[in-house]
Amino acid sequence: MTTVLIADDQPLQRFGFRMLLESQDDMTVVGEAANGAEAVRATAELHPDVVLMDVRMPGLDGIEATRRIVAAGGRTRVLILTTFDLDEYAYSGLRAGASGFLVKDAQPEELLSGIRAVATGDAVVAPSLTRRLLDAYVHHLPAAADPDPSPDSRLAALTDRETEILRVMGRGWTNTEIAERLHLAESTVKTHVGRILSKTGSRDRVQAVILAYDTKLVG
């Protein structure tokens, strides 16, 4: 059973999400929050599998709430809800540790599959949206102070093949595309991706893609 906390400042929105989620045999809503501070407190108390986090809430917003929830080191994962698929806050949310984002008017099936994916440790940002999102906000990344920087320590443990796969992950390639274009078995690609996440300390694929941009593997 996947447990979900709904964080949104709109009562009707929360009600709609609750009705949808509780219509599923494998999901239950364990709590609601009307702002970020409530979401942080409720997460610490209830330990939900997933928090549906609206970014625009009064007081503590969803981005800072996400950062605090992730920093607490629990198993809870955060799924950001945005008004537009390239909402200016979505990128910040992903960098804060969210496992993905969905638009608020996504189809019910998309929302439900997204929650299930996040609960099992996957990311829910489609590769095409990942590419669009990061391309749109890559200029927000801080410029390197050293014009000839040393290799990032997070990449030091990667093999050449793993570095290559991380680079194309950053370009939005799916596992199937990686397998086809690099002439690998898809099971081999999945193994490589798992090792990349482990070696770089990335929570999920989205965080690994952001790492690829941070370290200039993709530019």
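Residues numbered from 1 in each chain as written. Predicted model: local features only at pLDDT ≥ 70, side-chain atom pairs only at ≥ 80, totals over all residues. Heavy atoms only, no water.

Student: Describe empty space enclosed by the protein, and please don't skip the residues or the numbers.
Tutor: Taken as a whole and assessed by the stated rule, the structure comprises one cavity of 30 Å³ or more. A volume near 30 Å³ is recorded for the largest cavity. What lines the largest cavity is simply Phe17, Leu81, Leu102, Val103, Lys104, Ala106 and Leu111. For the lining of the largest cavity, the per-class residue count stands at six nonpolar, no polar and one charged. (1 Å grid on protein atoms, 1.4 Å probe; cavity = no way out; pocket = protein on both sides within 12 Å on 5 of 7 lines; lining within 4 Å. Points joined across faces, edges and corners; volume = space filled by probe spheres on them. Nonpolar A, V, L, I, M, F, W, Y, C, P; charged D, E, K, R; others polar.)

Student: Provide a residue-level description of the pattern of salt bridges, including the pertinent values.
Tutor: Enumeration over the complete set of coordinates arrives at ten salt bridges. In this structure, the salt-bridge partner of Arg18 is Glu22, at a minimum N-O distance of 3.0 Å. Judged by relative accessible area, which is 41%, Glu22 ranks as partly exposed. For Glu32, the salt bridge is made with Arg18, and the minimal N-O distance between the two is 2.7 Å. Here Arg18 lies in helix α1 (residues 11-21) and Glu32 lies in strand β2 (residues 27-33), a separation of 14 residues in the sequence. Overall, Arg18 belongs to the partly exposed group, its relative accessible area being 24%. Among the charged side chains, a network of salt bridges with common partners joins Arg14, Arg18, Glu22 and Glu32. (Salt bridge = Lys/Arg side-chain N within 4 Å of Asp/Glu carboxyl O. Buried < 20%, exposed > 50% of the residue type's maximum accessible area, 1.4 Å probe, protein only. Helix = DSSP H or I, 4+ residues; strand = E, 2+ residues; numbered from the N terminus.)

Student: Please provide a residue-by-residue account of the pairing of strand β1 (residues 2-7), values included.
Tutor: The element β1 is largely enclosed, with a buried count of six among its six residues. Alternating positions in β1 separate into two faces, Thr2, Val4 and Ile6 on one and Thr3, Leu5 and Ala7 on the other, with burial throughout. In terms of strand pairing, β1 meets β2 through six bridges, oriented parallel. Looking at β2, one finds that Leu5 is bridged to Gly31. Since β1 and β2 lie parallel, the crossover through α1 that links them has a hand, and here it is right-handed. Pairing of β1 with strand β3 (residues 50-54) involves four bridges; the strand directions are parallel. Across the sheet, Leu5 pairs through a bridge with Val51, a residue of β3. (Pairing = 2+ DSSP bridges. Right-handed = clockwise from strand over helix to strand, strands pointing away.)

Student: A description of the environment of Val189 should follow, citing residues and the corresponding values.
Tutor: The topology assignment puts Val189 in helix α9 (residues 186-200). Separated by 27 residues in sequence, Val189 and Glu162 have C-alpha atoms that sit 9.2 Å apart. If sequence neighbours within four positions are ignored, Val189 has contacts with Asn175, Ile178, Ala179 and Leu184. (Contact = heavy atoms within 4.5 Å.)

Student: Residue-level account of the packing of helix α2 (residues 36-46) against helix α3 (residues 62-71), with values.
Tutor: When two helices pack together, their arrangement is given by the angle between the helix axes and by the axis-to-axis distance. For the pair α2 and α3, interaxial distance at closest approach is 8 Å and the crossing angle is 20 degrees. Overall, the two elements α2 and α3 adopt an arrangement that is roughly parallel. As for how α2 packs across α3, the hand of that crossing is right-handed. Residue-level inspection shows Gly36, Ala39, Val40 and Thr43 of α2 in contact with α3, the latter providing Ala65, Arg68 and Ile69. (Axes fitted to C-alpha atoms, helices over the stretch in contact; angles between N-to-C directions. Parallel < 35°, antiparallel > 145°, perpendicular 65-115°, else oblique. Left-handed = near helix turned anticlockwise from the far one by under 90°.)

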